[in-house]
Amino acid sequence: MSSTLTADQHKLMGNEHFKLKAFDEAIAEYSTAIVKDPKVAAYYSNRANCYLKLEKYTMVVSDCERVVELEPKSVKGYYFMGKANLELSQPSEAYAMLKKAYEFALEQRSSFTKDIVLLISEAKKQKWLEEERRRIAQVSETYRYLAGLIEGDFQRQVDALDTTSEGYQESLSDFKVDRAMRLEQLETMMQRAGAPHEYAKPYLSHKDSLSNGTGPQSSPNPNAATTTPREVPDYMLDKITFEFMHDPVISTKSGISYERATLLEHFSHGRMFDPVAQVPLTERDIIPNRALKEACEDFISKNGWAVDY
Amino acid sequence: MAKPMFARRLSKELKDLAMNPPAGVDIIDANDFKVWKLGLAGAPGTLYEGEKFQLEFNFGPNYPLESPQVLFVGDNVPIHPHIYSNGHICLDVLYNHWSPVQTVASICLSLQSMLSSCTSKERPPDNANYIKTARANPKHTAWAFHDDTV
């Protein structure tokens, strides 16, 4: 019977399955539609949406690649692809896709715009986390290496000592003091380099076991790395959603900046005024605030946590 | 994925409200992002000094683009020319003058100042009539804001 139905009829059946959350059945219908007519972007994007629901993210990406090939300005294509990239822990790819999705969503006044902005923030955060992890791993690696050198020095000094000599105890404690001092210096240096203290800790334990608790202990404040206050400047937060801004626009009637997507939504509720200044304002009276956008991007690239602020 | 916009904003407002509450305001119940109950104490030196009121906020999914529904509840509804005995409040910022940059805290401040500037404790002249005909949701009332001074 399927042979008598057109590709579009299969798509419609797929949509019915989708509404009932029967995603596997929907996929089967969209696949039949694609076989019958492989040139329609919507068949792929609908199928990609099913794969998203089923968490089959690599399938989402391959369908979306086809979508944007057929329809280069497809919001759904880039949006679903970005979402899948995020789930696949590919934040940089996700960011690139979502930026395109945002651009086209604005052009087409898509209802996805707000969701895309949220996902872009999420992608920025993931990117930051990834870089942060890489940096910490690197710093920890350096720490381990340098601490090993200090430890090796100490061992050589101890080995060279004559255990029977008169000044043995004194020299040994001198060496311990020296080692503790150097480790402490190293620790301070590492903390300055930005390694949170807890990452350094695993490599610190062995020195305590050697010193028998007699040598001077370095006891840095365990909160040292976390005492820096995490605050986002108010001017980087949208005054409507209180979210970190991604695409700030400036009201030429008041000079106040807002996140573009939320301000447009405010207008769409029939409220043609500047929310803070309470003066008439329309979409024609807003322009991008490029300097603030750059400041926001710079800030978020160094402080990815700000997304959840 | 993440929480919807109104829930994210409300959780930020709640955090701020708990940390820096406006004078006389305390949180009675804010366990979800639908209904909050807040306590409002009459400011010292005003006609409402020593009185305690309860406010109920109802948030819709379009908050803050749409205003919340705000009314006085409980046994003690302030006697004020702009507050009806059913708890409905005649205050323009809650209806046609709502702006999405307003917050629960800023509403509380507006209400506090509305109470504080009151010179005689009386119900609105049309109270008896209004409470007979009003819908439960004050946002459905066609408000006429005749008095800008209070």
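Quantities reported herein were computed from a predicted structural model and do not represent experimental measurements.

Rules behind the numbers
- Residues numbered from 1 in each chain as written.
- Chains lettered and ligands numbered in written order.
- Predicted model: local features only at pLDDT ≥ 70, side-chain atom pairs only at ≥ 80, totals over all residues.
- Heavy atoms only, no water.
- Helix = DSSP H or I, 4+ residues; strand = E, 2+ residues; numbered from the N terminus.
- Contact = heavy atoms within 4.5 Å.
- Areas by Shrake-Rupley, 256 points an atom, 1.4 Å probe, with all protein chains shown as cover.
- UniProt positions renumbered as here; feature names shortened; annotations may be inferred.
- Axes fitted to C-alpha atoms, helices over the stretch in contact; angles between N-to-C directions.
- Left-handed = near helix turned anticlockwise from the far one by under 90°.
- Nonpolar A, V, L, I, M, F, W, Y, C, P; charged D, E, K, R; others polar.
- Pairing = 2+ DSSP bridges.

A. How the structure looks around the overall build of chain B. In terms of helices and strands, chain B carries three helices and four strands. Walking chain B from its N terminus toward its C terminus, one meets helices and strands in the order α-β-β-β-β-α-α. Residue pairs at least 24 apart in sequence account for 60% of intrachain contacts in chain B once pairs closer than 6 positions are excluded. Just so you have it, chain B exposes about 7,200 Å², and 54% of that area is on carbon and sulfur atoms.

B. Spatial organisation of the UniProt feature "repeat: TPR" (unreviewed entry) in chain A. UniProt tags residues 7–40 and 41–74 of chain A as "repeat: TPR" (unreviewed entry). As annotated, residues 41–74 of chain A has a helix share of 79% and a strand share of 0%, and its two end C-alpha atoms lie 8 Å apart.

C. A look at the environment of Leu281 of chain A. Residue and element names in this part refer to chain A. One can find Leu281 in the loop between helix 11 (260–268) and strand 3 (286–288). The spatial distance from the C-alpha of Leu281 to the C-alpha of Thr252 is 8.5 Å, given a sequence separation of 29 residues. Ignoring anything within four residues of it in the chain, the contact list for Leu281 reads Ser251, Lys253, Leu263, Phe267, Met272, Phe273, Asp274 and Ile286.

D. Summary view of the packing of helix 5 (residues 75–87) of chain A against helix 7 (residues 113–160) of chain A. All names here are of chain A. Across the interface, helix 5 lies against helix 7 with an axial gap of 11 Å and an inter-helix angle of 35 degrees. For the crossing formed where helix 5 meets helix 7, the hand is left-handed. Residues Val75, Tyr79, Lys83 and Leu86 of helix 5 touch helix 7, and the partners they reach there are Asp115, Ile116, Leu119, Glu122, Ala123 and Gln126. Here the contact of helix 5 with helix 7 is composed, by residue class, of six nonpolar, one polar and three charged.

E. Inspection of the sheet that holds strand 1 (residues 248–251) of chain A at higher detail. All names here are of chain A. In spatial order, the strands read 2-1-3; together these three strands make up an open sheet with antiparallel pairing. Strand pairing shows two members of the sheet lacking a second neighbour, strand 2 (257–259) and strand 3, which therefore form its edges. Across the sheet, the axes of successive neighbouring strands diverge by a mean angle of 40 degrees, strand direction being ignored. With three bridges joining them, strand 1 and strand 3 adopt antiparallel strand pairing. Counted as the bridge partner of Val249 is Pro288 from strand 3. Sheet strands in contact with helix 11 are strand 1, strand 2 and strand 3, and its direction is about 90 degrees off that of strand 2.

F. Representation of the pairing of strand 3 (residues 52–58) of chain B in the model. Two strands pair when backbone bridges link them, and strand 2 (residues 35–41) of chain B and strand 3 of chain B are joined in this way by seven bridges, in the antiparallel orientation. Within the sheet, the bridge partner assigned to Leu40 of chain B lies in strand 3 of chain B and is Phe53 of chain B.

G. The arrangement of the pairing of strand 1 (residues 25–29) of chain B in detail. Two strands pair when backbone bridges link them, and strand 1 of chain B and strand 2 of chain B are joined in this way by four bridges, in the antiparallel orientation. Bridge pairing in strand 2 of chain B places Asp29 of chain B opposite Lys37 of chain B.

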